[in-house]
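Summary of structural features
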Amino acid sequence: MVRMARLIDVTRCTACRGCQVTCKDWNQLPGEIGEFTGSYQSHMDNSPLRWTMIKFFEEEKSNGDVQWVFRKHSCNHCGDPGCLKACPNNALAKSELGAVYRIEENCIGCGYCVPFCPFDIPKIDEVNEKMKKCTFCIDRIANDLRPACEKTCMPGAIMYGSWDEMSALADKRLEAAQKRFPNAQIYGKNELGGLGNIYVLPDGPQNYELPVNPTLAPTLGMWKDIVQPFGNLAIAATLIGTGLAFLFTRRKAFVNVESSKLAEGGYHDEQKNDRAL
Ligand code: SF4
Ligand code: SF4
Ligand code: SF4
């Protein structure tokens with residue numbers, strides 16, 4: 001199967017927020033009333049009920065004027081996903097199409113995936129103790145439909161196709177973008193095994209809250225290879241210890257009861273009572 005990708009062309013986004021609304025619509029996520037923070041940006045971040053949103057940034061033009069640019073913020077469906085590697089319960093998987101998706105019944109909401117995502121994407125739903133994030137519309141793309149966000153984007157700021165097609169399209173878009181934005185660049189082709197979102201950015205990624213050269217935390221290997229197995233052993237040892245302690249305590253209590261009954265002649269009383277019935 002061919003790996004799929006989205007092209008996110010920040011130089012074309014008009015901040016209409018159609019993608020933000022249609023994502024909620026397709027995924028049946030209820031609306032949330034936020035607080036006005038003095039910005040045109042509708043919300044500050046994603047949430048368990050908001051899997052994609054538009055972030056606003058100010059860009060200074062060469063003549064000193066300021067212009068807005070907008071970036072769609074959602075899971076990047078990394079080629080090498082830190083969230084998946086960190087998950088202790090096999091609650092994340094990668095489909096052949098490239099979607100990094102959650103396996104609902106395995107997710108225990110432990111939050112270990114959160115610090116290992118370089119893009120601050122996973123959000124924990126405290127109500128049902130599950131992690132929530134963009135699914136790449138896996139239920140749509142697995143049925144030959146396009147992601148809901150891409151389908152709604154009129155200026156072509158989101159495009160969807162095979163990873164190779166989107167990679168080639170990014171190159172073409174870059175040429176056009178550089179006429180307006182001399183520092184325009186592509187982001188996502190080489191980062192973390194290639195992202196499922198390939199961006200055309202007006203300037204360096206640091207200007208749009210994207211990490212320059214994102215890497216997986218070195219502690220991830222330590223966590224997965226040492227702490228987790230050790231943690232599992234510790235849990236098993238605790239369970240065995242608790243079980244043994246329980247048996248030992250019961251045995252001790254039983255011995256105590258037996259001794260006290262013998263001392264008080266309890267058995268005899270019971271035998272008498274039995275006969276009396
Ligand atoms: S639908 Fe397209 S143009 Fe509108 S906010 Fe989303 S990415 Fe931008
Ligand atoms: S962006 Fe974060 S949540 Fe999405 S696949 Fe990559 S590591 Fe996982
Ligand atoms: S791919 Fe689907 S779940 Fe992800 S942001 Fe787009 S509409 Fe939302």
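Residues numbered from 1 in each chain as written. Chains lettered and ligands numbered in written order. Predicted model: local features only at pLDDT ≥ 70, side-chain atom pairs only at ≥ 80, totals over all residues. Heavy atoms only, no water.

Section: the overall build of the chain
Under the convention used in this document: Helical segments are the DSSP runs of H or I of at least four residues, strand segments are the runs of E of at least two, and each set is numbered from the N terminus. Relative accessible area decides the class of each residue, using a 1.4 Å probe on protein chains only: under 20% of the type maximum gives buried, over 50% gives exposed, and in between gives partly exposed. Note on contacts: a residue pair qualifies if any of its non-hydrogen atoms lie within 4.5 Å across the two residues. To measure how exposed things are, a 1.4 Å probe is used in the Shrake-Rupley method; for residues, cover is taken only from the protein chains shown.
If you tally the helices and strands in the chain, you get 7 helices and 10 strands. Here the chain holds 277 residues, and the buried ones make up 44% of them. Long-range pairs, those at least 24 residues apart, make up 58% of the contacts in the chain with a sequence separation of at least 6. Total accessible area on the chain stands at roughly 15700 Å², and carbon and sulfur atoms take up 56% of it.

Quick look at the side chain of Q41
Along the chain, Q41 falls in the loop between α1 (18-27) and β2 (53-60). A residue is classified by how much of its surface remains accessible, and Q41, at 11% relative accessible area, is buried.

Remarks on the packing of aromatic side chains
What characterises a pair of aromatic rings is the spacing of the ring centres plus the angle enclosed by the ring planes. Under the convention used in this document: Pairing of aromatic side chains here covers Phe, Tyr and the six-membered ring of Trp, requires ring centres within 6.5 Å, and sorts the geometry by plane angle: under 30 degrees stacked, over 60 edge-to-face, intermediate tilted. In this scheme, the term charge over a ring applies when either NZ of a lysine or CZ of an arginine sits within 6 Å of the ring centre and within 35 degrees of the ring normal.
A complete count under the given rule lists 7 aromatic pairs for this structure. Consider the rings of F136 and Y160, whose centres lie 6.1 Å apart with planes at 90°: the pair is edge-to-face. Within this pair, whereas F136 is found in the loop between β7 (130-132) and α3 (138-141), its partner Y160 is found in strand β8 (residues 158-162), the two being separated by 24 residues in sequence. With relative accessibility at 1%, the residue F136 sits in the buried group. We note R140 situated over the ring of W26; from NZ or CZ to the ring centre the distance is 4.6 Å.

Quick notes on the site of ligand 1
Applicable threshold: For each residue, the test is whether any non-hydrogen atom lies within 4 Å of the molecule or strand; if one does, the residue is near. Three classes are used, and their members are as follows: Ala, Val, Leu, Ile, Met, Phe, Trp, Tyr, Cys and Pro are nonpolar, Asp, Glu, Lys and Arg are charged, and the others, Gly among them, are polar.
In the neighbourhood of ligand 1, the contacting residues comprise C13, T14, A15, C16, R17, G18, C19, I54, C153, P155 and I158. The residue makeup of the shell around ligand 1, split by class, is 8 nonpolar, 2 polar and 1 charged.

Section: the UniProt feature "binding site: [4Fe-4S] cluster 2" (unreviewed entry) in the chain
As a reminder, the rule being used: UniProt positions are given in the numbering used here, feature names are shortened, and annotations may be inferred rather than shown by experiment.
In the UniProt entry, the feature "binding site: [4Fe-4S] cluster 2" (unreviewed entry) is given for C23, C134, C137 and C149. Taken together, the annotated residues stretch across 127 residues yet fold into one region, lying no more than 10.5 Å apart by C-alpha. Its place among the elements puts C23 in helix α1. A residue is classified by how much of its surface remains accessible, and C23, at 10% relative accessible area, is buried. Every residue in contact with C23, bar those within four places of it in the chain, is listed here: L29, W51 and T52. One can find C137 in the loop between β7 and α3. Setting aside its immediate chain neighbours within four residues, C137 contacts W26, P147 and A148.

Structural notes on unusual backbone geometry
Look at F136: it is not a glycine, yet its phi comes out positive at around 65°. For L192, which is not glycine, the phi torsion reads 45° and is therefore positive. Within the fold, L192 resides in the loop between β9 (185-187) and β10 (197-201).

Digging into the nonpolar core
The following threshold applies: Think of a nonpolar core as a cluster: buried Ala, Val, Leu, Ile, Met, Phe, Trp, Tyr and Cys residues, connected wherever their side-chain atoms sit within 4.5 Å.
Among the nonpolar cores identified, the biggest contains 45 residues, and I54, F119, Y187, L195, Y199 and L201 are the most heavily contacted of them. Going through the elements one at a time, β1 (4-9), α1, β2, β3 (66-73), α5 (163-180) and β10 are the ones with two or more residues in this core. Per-element tally for this core: the top contributor is α5, with 5 residues. Core analysis: the second largest hydrophobic core is formed by 9 residues, C83, A91, L92 and V100 among them.

Some details on the site of ligand 3
The immediate surroundings of ligand 3 are formed by 13 residues, with R6, C23, C134, C137 and C149 found nearest. When contributions to the shell around ligand 3 are tallied by element, the ones reaching two or more residues are α1 and α4 (148-152). Class assignment of the residues belonging to the shell around ligand 3 gives a composition of 8 nonpolar, 3 polar and 2 charged.

Thoughts on the pattern of salt bridges
Here is the rule we go by: Any Lys or Arg side-chain nitrogen found within 4 Å of a carboxyl oxygen on Asp or Glu counts as a salt bridge.
Under the counting rule described, the total for this entry stands at 12 salt bridges. For D9, the salt bridge is made with R173, and the minimal N-O distance between the two is 2.7 Å. Pair noted here: D9 is in strand β1 and R173 is in helix α5, with a separation of 164 residues, a long-range link. For D9, a relative accessible area of 2% puts it in the buried group. One salt bridge connects R146 with E150, and the closest N-O pair in it is separated by 2.7 Å. The exposure class of R146 is partly exposed, given its relative accessible area of 39%. Overall, E150 belongs to the buried group, its relative accessible area being 6%.

Focus on the pairing of β2
In plain terms, the rule: In this description, strands pair whenever DSSP reports at least two bridges between them.
With 6 of 8 residues buried, β2 is to be regarded as a mostly interior element. Pairing analysis gives 8 bridges linking β2 to β3, with the strands arranged antiparallel. From the neighbouring strand, F57 faces β3, where its bridge partner is V69. In sequence, β2 turns back onto β3 through a hairpin of 5 residues, with G64 there showing a positive phi of about 95°.

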